[in-house]
Amino acid sequence: MTILTRSTAIAATLAAFAAPALAEQITITVWAGGSNDNDSYRVEAIEMAADILEREAAIRGEEIDITVDGRWDFAGWDEFKQAVTLGAEAGTAPNIVVTSHLDIAPWSQAGYIVPVEDYVDLDAWPLNNVYPNLMEIAAFGGTQWGVPQDSESRPFFFWRETMSGLGYTEEQIDALPDMVASGDYTLRDMLADATRAVEMGLVEEGYGFYPRVSNGPDYAQFYQSFGGELIDPETGQLVFDRAAMTEFYQFFVDAVEAGVTRQNHIGTDWDQWYNEVANGRAAFWHGGTWHFGRYGREGNEDFWNTIQFSLIPAGNDAGRPNTITHPLVYLLTDQDDDRAEEIAARLVAIATEPRLNTLHAIKSSHLAVAQVQQDLDLYSGDRWASEATEVLLASANAQPNHLQYGAFSEAMFSGLESAWSGTQSVEEAVAEVEAQMRATLGDDLIIR
Amino acid sequence: MRVRLLGIGFLAPALVAVSLFFLLPVLLTAVFSFTNMSTSTGISGGEYLIIETDLRDLPAQGVSAETVVQLDAAGYAITEVGLARMAAAFGADRAQELREDYFGDTFEARRDLERLLRDLDNNPIRNTRERKAAADLFAVTIVGERYDTEAAFRDALSDTGIDPSDHDALVTAAYTGWIWTSDNFSLLFELPSTLRYALNTAFYVVCTLAFNITFGLFLAISTFYLPLKLANVFRSIWFLPRILPPVMYVLMWNWFTWDNGFIATVTGWFGVPQQNWMMQTPTHAWTVIILINGFVGASLGMILFSSAIKAIPLPMLYASEVDGANRWQQVRYIILPQMRWPILFLTCYQTLSLLTSFEYILLATDGGPGSTTEVWALAAYHTALSNYGGNLQYGLGAAFALILVVIGIVLSALYLRFFNFKELVAKPRIEQ
């Protein structure tokens, strides 16, 4: 904003407050990506917030009639992101989007979104109670663009019965999260156990270690397990760590060679995958906190007696046990009507109220965004939410908001896929990814 | 004259269709491919914006180190100019309190100044938006501010006292829109994956085409010799792959080949270990992809070739039988020679459509395992329209696509020469 437009904005704001209040009709559209019926509170919380905002306005003597028009039935992330960006180009973007925090960098640069900090007081309730590290994930380039909508993290899972079959006592299985956190149980230990599980016939070949079937934040965790760093905090450049990348790829190649992971595992059908891990066909796997709810729907009603969870174990001495949180965020799109942006921002702030957010967290098996949510009965009474928060969230980091992170992540995964499927050796794959990243990322990359 | 107008009138819909659905997309692809267009640049132009994380890159773009330090340090300052604006917009009493207590103070972030305005002793600014607007009056920074036009950005640079010799470099660095560039093409040549995509595409097109034509011919000729009703039943069955929606068709292939699908179950009865017959190895993946696309193409070939065979006058075949020709000799010496034109047409059409088609591969293997079945068109799609991290590379994707367009046009020209097009459209010598 120039000084001139600033003054105009001030005049407009003052005029808005001075003018006698007339009934104001406003429609706020909300689109949520990556959501299903369990995530309905991504939209419904905005509807509830609209009700509260209308009542607040009525008390002040204003009459606002807010219609919330929500949508979450997108075929997938690609379709959702295309719809939002093309809508933004055409000037028909929804007022509020619920999306990955990774979209903040490109969308803010393109001018599709406006900073939430321009409309609401970050020092006021409830935003001042949101975990600071989560707020940080919804910021980019020194500006608070969005508000975290949920949080989650991505645990490592063990099938208890298989672990017993391998000779672990109940106490040892219960102690696994601590063993992993202290670095005493590593990915290499897991691989050895998985190999034994296959050899002993506890699980079928290819089901010792049963990883995610498509690209996603999860694979960055394994890079971190082997000492990789995604971004250099000093310079803000992305980091390609050759040794960590090699070890990370080698681990998956070793898993294939040991017969514990299928060479053609990538691309396995998600429904098949969920059903198999929920019912003990795999010894070790990894997923997200929302898997808890999904396993129930897949027929596993007894999560606590069948499955153990921990951080993603460290891979070697250079690495660390870790987990990535990949929060979705509420973002406000740029609209011609400043008033619509303001209302949208206030709705987002109200929807962050601990009670409203907790409805989403528990219904969708996600984690809280604010400290105080742990004091609410609904949250603290939910064993999964409390334990997952305790075991995972403290060690969670996020992928960096960086314009080029998408290219980085795609290249890293395509190299992993090539090595994993045996179409390239680990060295070839690492060399090709390095060349690819050098060419596409240029100055945004540090090679170590 | 009237006749000519009538001709043009009849052609008009075709011309409109060609312009809308071929020339315009090609033109747009060409334009996009010479830009660095991506999600972050937007499509419809840009504005001027420097954010904190940009500061590190500025020296490399010719901005002096002093200016970078100045930009980094700037923020919000209680100055006379700001106080005068404050007095005008929010009242002299508030401005006076600020002057007395905070004159000359600087704040790195607007949030710090907002806190101060909320906590004024005398008449604090209670409304959030008013507080933000008031804080903005004291801005002495351009970092994080978005300017609609170059002029506005240059004014802001002057207002905040940035060294004029750095203005041009800053304007270039701050522009958020797309720019013209040929970097996409040099990047394509530099990337190690490009050659692999090209080889994959060549392999895919040649194998699928060979399967299409051969199998289409086989179906057409074999159904020709069947009784009409039976032939129609067979043709209808073989036409299914083409009329099924692609998603459903590929889903059926998935059920057929998955590791708990039909093949795996049946071979399992004979002790073959369960495996995914689509994704087990690159050979499996290619075989399935060629079959998936091949059956779709072959069904079209079957229809075209069947009707072409029907156009052959039956007396020729009767005569050959009188001369003692067997079925193979009829096919070899009568049917195939009359099929040059449909074979040419189908070869041209299928080459071009296979070069650009990727939907069946996307649905079946999505380029896997390990990008062994990633063909050129699929790579274009992935680059331009699919990225988990969010920044879609429209320009680079268009560069991929443009190369396909060029190859398509060159191939069409070559085919026309090779098959001697002029002779083929000459008056037919049979059928009179």
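Here the residue numbers are simple positions, counted from 1 along each chain's written sequence. Each chain is given a letter, starting from A, and each ligand a number, starting from 1, according to the order in which they appear as written. In keeping with the model being predicted, local features are shown solely for residues with a pLDDT of at least 70 and side-chain atom pairs are shown and tallied solely at 80 or more, while totals for entire chains, interfaces and linings include all residues.

Caption draft 1: Structural detail: the overall build of chain A. Comment: elements are numbered from the N terminus, with helices defined as DSSP H or I runs of at least four residues and strands as E runs of at least two. Secondary structure summary: chain A contains 20 helices and 16 strands in total. Along the longest, intermediate and shortest principal axes, the C-alpha atoms of chain A span 80 × 50 × 35 Å. Burial analysis of chain A (448 residues in total) assigns 53% to the buried set. Partitioning the contacts of chain A with sequence separation of at least 6, the portion at a separation of at least 24 is 75%. Exposed residues have 12 or fewer other C-beta atoms within 10 Å of their own C-beta, buried residues have 20 or more, and residues in between are partly exposed; the C-beta atoms are placed from the backbone. The contact criterion used is a C-beta to C-beta distance within 7 Å, with each C-beta placed from the backbone.

Caption draft 2: Representation of the domain arrangement of chain A within the structure. Residue and element names in this part refer to chain A. Domain assignment breaks chain A into domain 1 (3–148 + 328–397) and domain 2 (156–324 + 402–447). Distance between the C-alpha centres of domain 1 and domain 2: 32 Å. Contacts between the two partners involve 16 residues from domain 1, matched on the other side by 15 residues from domain 2. Here the side of domain 1 that touches domain 2 takes 4 residues from helix H18 (residues 383–392), the largest share from any one element. Here the side of domain 1 that touches domain 2 is built from residues that sort into 9 nonpolar, 7 polar and no charged. Where each domain starts and ends follows an automatic or database-derived domain assignment. In this classification, the charged set is Asp, Glu, Lys and Arg, the nonpolar set is Ala, Val, Leu, Ile, Met, Phe, Trp, Tyr, Cys and Pro, and all remaining amino acids, among them Gly, are polar.

Caption draft 3: View of the UniProt feature "transmembrane region" (unreviewed entry) in chain B. UniProt positions are given in the numbering used here, feature names are shortened, and annotations may be inferred rather than shown by experiment. As annotated by UniProt and renumbered to match this structure, "transmembrane region" (unreviewed entry) occupies residues 202–226, 247–272, 284–305, 341–363 and 394–419 of chain B. Spanning residues 284–305 of chain B, this segment combines 100% helix with 0% strand, and its end C-alpha atoms are found 30 Å apart.

Caption draft 4: The sheet that holds strand E12 (residues 307–310) of chain A, seen in detail. Residues and elements named next belong to chain A. In space, the 4 strands of this open sheet follow the order E9-E11-E8-E12, with mixed pairing throughout. Because the sheet does not close on itself, it has two edges, and the strands there are strand E9 (209–210) and E12. When DSSP finds at least two bridges between two strands, those strands are taken to pair. Taken together, the 3 bridges between strand E8 (residues 156–159) and strand E11 (residues 284–286) define a ladder with antiparallel strand orientation. Pairing of Phe158 across the sheet is with Phe284, part of E11.

Caption draft 5: Summary view of the UniProt feature "domain: ABC transmembrane type-1" (unreviewed entry) in chain B. UniProt's feature table lists "domain: ABC transmembrane type-1" (unreviewed entry) at residues 198–415 of chain B, given in the numbering used throughout. What you have in residues 198–415 of chain B is 76% helix and 0% strand, and the ends, taken at the C-alpha atoms, are 20 Å apart.

Caption draft 6: Structural context of helix H15 (residues 338–351) of chain A. All names here are of chain A. To estimate the expected span of a helix, subtract one from its residue number and multiply by 1.5 Å. With 14 residues, H15 should reach 20 Å at 1.5 Å per residue; the first-to-last C-alpha distance of 20 Å fits that figure. Here H15 lies mainly inside the structure; 11 of its 14 residues are buried. Of all the residues in H15, the buried ones are Glu341, Glu342, Ile343, Ala344, Ala345, Arg346, Leu347, Val348, Ala349, Ile350 and Ala351.

Caption draft 7: Quick look at unusual backbone geometry. A:Trp125 connects to A:Pro126 through a cis peptide bond whose omega is 0 degrees. Tracing the chain through its elements places A:Pro126 in the loop between strand E4 (113–114) and helix H5 (132–137).

Caption draft 8: Spatial organisation of the nonpolar core. All names here are of chain A. Here a nonpolar core is just a set of buried residues of the types Ala, Val, Leu, Ile, Met, Phe, Trp, Tyr and Cys, joined wherever their C-beta atoms sit within 7 Å. One finds Ile28, Ile46, Phe284, Leu347 and Val348 to be the most contacted residues of the largest nonpolar core, which totals 133 residues. For this core, the element with the highest residue contribution is helix H19 (residues 405–420), accounting for 9 residues. Aside from chain neighbours lying at most four places away, what touches Ile28 is Ile46, Ala50, Ile66, Val68, Asn95, Ile96, Ile343, Ala344 and Leu347.

Caption draft 9: Highlighting the interface of chain B and chain A. The interface is formed by 55 residues belonging to chain B together with 56 residues belonging to chain A. The element that contributes the greatest number of residues to the side of chain B that touches chain A is helix H6 (residues 128–136) of chain B, accounting for 6 residues. Looking at side-chain class alone, the side of chain B that touches chain A contains 17 nonpolar, 23 polar and 15 charged residues.

Caption draft 10: Focus on the environment of A:Ala124. All names here are of chain A. Checked against the element boundaries, Ala124 lands in the loop between E4 and H5. Here Ala124 falls in the exposed class, since 12 other C-beta atoms lie within 10 Å of it. In this structure the C-alpha to C-alpha distance between Ala124 and Ala349, which are 225 residues apart in sequence, comes to 9.5 Å.

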